[in-house]
Amino acid sequence: MSQIISIANQKGGVGKTTTAVNLSAALAILGKKTLMIDCDSQANATTGMGIDKPSLEDALYQGLIGEADINDIICPTVLPRLMMIPANSDLIGFEIEMVSVRDRERKLEALLEPIKETFDYIIIDCPPALSLLTLNAFTASDAVLITLQSEFYALEGLGQLLDTIKRVKSSLNPGLKIKGILLTLYDKRTNLAQQVVEDARKYFKDMVFKTKIPRNVKLGEAPSYGLPVMLYDKHSQGSKSYMALARELLKR
């Protein structure tokens, strides 16, 4: 049975796309048939997987508005068990065009319905905003994985995200769960990072993943080569951390 997981946080720069790309790659390396969906009009996950955005005839946007069949927008990647639905700047138009459309929050759910059982995991990279695209991702998902940067103000915006998840659960997707909270950009040398970990575990207890994603140069470099970190440098701390996260996720 397929599991659909949205990677979310309404703040930018918190390791969300990095997590979507590298968790998807790690799951594929561990033998799981995985589909990654770039649901962000910035399309950074698409670039991070080495897909040339300008050359795409059809992408997620065309699928959502019914101009392309889902099988025509799924692309292969460098990993045999990892497929991708890429995005490009066309996706900006989705929010505007769907304003008065009925069931506009269910467009992604409907798009995925014919193929979702083909995959073990479907990972959705959400935009850094609580937008209509994020609502579509949450409505289509079984669970949300929240990335939380180990920095000041980290917990401050979390209430708004949890409130949105609660509203989606009550009105659009009663089965939606929180898969866990992942601490990213972690620097064990700072007291602040340790404090954020303590606070997160105090408030959210077992929801916080044991695995923490460190600040790591290789994680920053890998997207410019169009590769997940485990193919760019499998011995790096970033690679080891995302492999550990994938294993922890499979146990959950």
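Let us look at the structure shown here.

Reading the values: rules and limits
Residues numbered from 1 in each chain as written. Predicted model: local features only at pLDDT ≥ 70, side-chain atom pairs only at ≥ 80, totals over all residues. Heavy atoms only, no water. Helix = DSSP H or I, 4+ residues; strand = E, 2+ residues; numbered from the N terminus. Buried < 20%, exposed > 50% of the residue type's maximum accessible area, 1.4 Å probe, protein only. Contact = heavy atoms within 4.5 Å. Core = buried A, V, L, I, M, F, W, Y, C linked by side-chain atoms within 4.5 Å. 1 Å grid on protein atoms, 1.4 Å probe; cavity = no way out; pocket = protein on both sides within 12 Å on 5 of 7 lines; lining within 4 Å. Points joined across faces, edges and corners; volume = space filled by probe spheres on them. Nonpolar A, V, L, I, M, F, W, Y, C, P; charged D, E, K, R; others polar. Expected span 1.5 Å × (residues − 1).

Brief notes about the side chain of Glu 248
Alright, step 1. Tracing the chain through its elements places Glu 248 in helix 12 (residues 237–251).
Alright, step 2. Residue Glu 248 is classed as buried on the basis of its relative accessible area, which comes to 14%.
Alright, step 3. Dropping the residues within four chain positions of it, Glu 248 is found in contact with Phe 209, Lys 210 and Thr 211.

With respect to the nonpolar core
Alright, step 1. Grouped together as the largest cluster of nonpolar side chains are 50 residues, with contacts concentrated most on Leu 35, Leu 60, Ile 85, Leu 108, Leu 112, Ile 124 and Phe 138.
Alright, step 2. Setting aside its immediate chain neighbours within four residues, Leu 112 contacts Ile 4, Leu 35, Ile 37, Ile 70, Ile 85 and Ala 140.
Alright, step 3. Leu 23, Tyr 121, Ile 213 and Leu 219 belong to the second largest nonpolar core, which has 34 residues in total.

Section: the layout of surface pockets
Alright, step 1. Taken as a whole, the largest pocket spans an internal volume of roughly 310 Å³.
Alright, step 2. Lining the largest pocket are 21 residues; nearest its centre among them are Gly 13, Val 14, Gly 15, Lys 16 and Thr 18.
Alright, step 3. Of all the secondary-structure elements, those providing two or more residues to the lining of the largest pocket are helix 1 (16–29), strand 7 (177–186), strand 8 (208–214) and helix 10 (217–221).
Alright, step 4. It is helix 1 that provides the largest number of residues to the lining of the largest pocket, a total of three residues.
Alright, step 5. Its residues assigned to classes, the lining of the largest pocket shows eight nonpolar, ten polar and three charged.
Alright, step 6. Lining the second largest pocket, in full, are Tyr 186, Asp 187, Lys 188, Arg 189, Lys 212, Ile 213, Pro 214, Arg 215 and Gln 237.

Considerations on the environment of Leu 182
Alright, step 1. Within the secondary structure layout, Leu 182 lies in strand 7.
Alright, step 2. Each C-alpha atom, one on Leu 182 and one on Tyr 232, is 22 Å from the other, the two residues being 50 residues apart in sequence.
Alright, step 3. Residue contacts for Leu 182: discarding those within four places in its chain leaves Thr 19, Leu 145, Ile 146, Thr 147, Leu 148, Phe 209, Thr 211, Ile 213 and Leu 245.

Comments concerning helix 9 (residues 191–204)
Note on helix geometry: an α-helix contains 3.6 residues per turn, so any two residues three or four positions apart are oriented the same way.
Alright, step 1. An ideal rise of 1.5 Å per residue puts 20 Å on 14 residues; helix 9 measures up with 20 Å between its terminal C-alpha atoms.
Alright, step 2. The elements touched by buried residues of helix 9 are strand 6 (143–149), helix 8 (158–171), strand 7 and strand 8.
Alright, step 3. Two residues or fewer past helix 9, Lys 205 is found with a positive phi of approximately 50 degrees.

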